[in-house]
Amino acid sequence: RQEGDDEEVLSTKKQMTDHGVKVASHYNSLQEVGLAVRSRSRIFFMRNFNNWLKSVLIGEILEQVQLEGTRHISVLDLGCGKGGDLLKWRRGGISQLVCADIAAVSVEQCQSRYEEMKKKSRINEKIFTAQFITTDCAKEVLSEKLDGPELMFDVCSCQFVYHYSFESEQKADMMLRNACERLKPGGFFIGTTPDAFELVKRLEASDSLSFGNEIFKVTFQSKGSYPLFGCQYHFSLEDVVNVPEFLVYFPLLEHMAKRYNMRLVLKQRFSEFFEKKVKNEHHRSLMMKMMALEPFPCEDQSQPDTDSSGEYSHAKEHYSRAEVKVPLGTLSRSEWEAASIYLVFVFQKMPRG
Ligand code: SAM
C-alpha cells in the first residue's frame, strides 16, 4: 500500500495479488482447440492417460454408489473446468450434477457442452439435470448458491484442482467444506492432485530450484523448508498450465478432512493406480481405446471427430519417437515423468454416530 492510493486502486491491488484472480484469468484465457491441434501436442497421450484414470476412478465410485442401492445419483464437480468429465457423468448414469468453477469462461463452455450433449442425446436417453455456478470455491460457501436448499450429493469430484486452495488454511478448509458438507453419509469425495512428497523429492534431487523436462517445469522459490500452507511453486505444462500452485501435504489434508467426518479410503500414486486398474479387462480395453491411435471420442473436445485418420498421423509420429514404452507403450518418458507426480484420493463420509 502506498500513500495516496484510493479505495479503487487498493481493491485492484488486492485483486492482483489474489491467486484466485490469477487462476481464473489464466483458465479463462485458455483457448478451446480441436482434436487436430491436440493430437499434435507433446502431451497428447498424457492427457488421454489422465482422462482414462479419471474415467476409471469415476466409473468405479459410481458403481459403488449404485451397489449401495442409490438410484438417483447427485454429483458435485468442484473445479469442473470446461466440462472435461461431462461424458463420464453421462456414462455413469447420474441424475443430477452441479458444476462449479472460479473461471467464468470455463463454466460457460461447460454449460454449452452440456446443452450440446443434451441436444445430441438419444431419444429415450434421460440426461442428468445440471446447475452451473461461477464462484471461488476456496472463498465462498457453495451450499448457499445451490438451487435446492436440501440438495445432498453422493459424490464430490475435485479433479486437478485442490492444490490451488492450499494457499492458506482458510482457503484449503473452505474448499474442503464445499466438497464435504453436502455429502450424504457414505458419500465420496474423490480427486487427483500433485503428490507433495514426489515434488519435494525431485526438487531436493535437483541442483537448482526447478526440475522437469521439455514438456513440464516445476519451479519453487526456495528449498529446504516447506510451510504447511502457502508453499508455492509454478507448474508449467506445455500449453496447459502456468499458474501458481501450492503443495498439498497429504497427511494434513487427511487430518483436516476429519473435521467433516471424512475417512481416507484410498490414496495412490498414478503409477500404482494404473498398475492395479490395468489388470481389469474392462479398464484395460478402455485404456486401449483411449490411448490407441484410432479415433476415439476424446472427452475433452468441443469439435467433432472429422477426418480423424489424418489428425492422428501426428500422434503416430509421436508414438514412433516415444523414448520409453510406459505405460502400455504410449506415453513418452517426458509425459510419464509429468503424469507420475500426481496421486488419486478417495474419502468417504462416515455416518454420524
Ligand atoms: N476438473 C477439470 C478437469 O479435470 O478437466 C479442470 C481441471 S483444471 C487443471 C483446474 C480447474 O480448477 C480450473 O478450471 C480452475 O479454474 C479451477 N479452480 C482453481 N481454483 C479454484 C477455486 N478456488 N474455485 C473453483 N475452481 C477453481
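Scoring rules and cut-offs
Residues numbered from 1 in each chain as written. Predicted model: local features only at pLDDT ≥ 70, side-chain atom pairs only at ≥ 80, totals over all residues. Heavy atoms only, no water. Near = heavy atom within 4 Å. Polar contact = N/O pair within 3.5 Å; in protein donor to acceptor, adjacent residues only side chain to side chain. Areas by Shrake-Rupley, 256 points an atom, 1.4 Å probe, with all protein chains shown as cover. Nonpolar A, V, L, I, M, F, W, Y, C, P; charged D, E, K, R; others polar. Salt bridge = Lys/Arg side-chain N within 4 Å of Asp/Glu carboxyl O. Helix = DSSP H or I, 4+ residues; strand = E, 2+ residues; numbered from the N terminus. Buried < 20%, exposed > 50% of the residue type's maximum accessible area, 1.4 Å probe, protein only. pLDDT = per-residue confidence, 0-100. Contact = heavy atoms within 4.5 Å. Pairing = 2+ DSSP bridges. Axes fitted to C-alpha atoms, helices over the stretch in contact; angles between N-to-C directions.

Remarks on the site of the ligand
Taken together, 18 residues lie near the ligand, and K54, G79, D101, D136 and Q159 sit nearest. Between the ligand and the protein, one listed contact pairs a nitrogen atom with a backbone N or O atom of C137 at 2.9 Å. Taking Q159, its main chain carries an N or O atom lying 2.9 Å from a nitrogen atom of the ligand. Surface burial for the ligand is 89%, taken as the share of its 600 Å² of free accessible area covered by protein chains. When the residues that make up the shell around the ligand are grouped by side-chain class, the tally is 11 nonpolar, 4 polar and 3 charged.

Some thoughts on the pattern of salt bridges
The final tally for this structure, using the stated rule, is 17 salt bridges. A salt bridge links K184 to D154, with the shortest nitrogen-to-oxygen separation between them at 3.0 Å. In this pair, K184 sits in strand β5 (residues 183–194) while D154 sits in strand β4 (residues 153–159), placing the two residues 30 residues apart along the sequence. For K184, a relative accessible area of 25% puts it in the partly exposed group. Salt-bridge contacts for K201 lead to E198; the nearest nitrogen and oxygen are separated by 3.5 Å.

Quick word on the confidence of the model for the protein
Predicted confidence across the protein gives a mean pLDDT of 84, with 80% of residues reaching 70 or more. Note that residues 293–326 has pLDDT below 50 and, in this model, 70 contacts with residues that lie over four places away or in other chains. Model confidence for the complex: the whole-complex pTM is 0.85, and ipTM, which rates the interface, is 0.99.

Comments concerning the sheet that holds strand β1 (residues 74–78)
Taken together, the 7 strands give an open sheet; going across it, the order is β3-β2-β1-β4-β5-β11-β10, and neighbouring strands pair in mixed fashion. Edge strands, defined here as strands with exactly one partner in the open sheet, are β3 (129–134) and β10 (262–269). On average, adjacent strands in this sheet sit at an angle of 15 degrees to one another, irrespective of strand direction. As defined by bridge partners, β1 adjoins β4 across 3 bridges and the pair is classed as parallel. Bridging from a neighbouring strand, V75 pairs with V155 of β4. Sitting on the sheet, helix α4 (residues 44–67) touches β1, β4, β5 and β11 (342–349), and the angle it makes with β5 is about 170 degrees.

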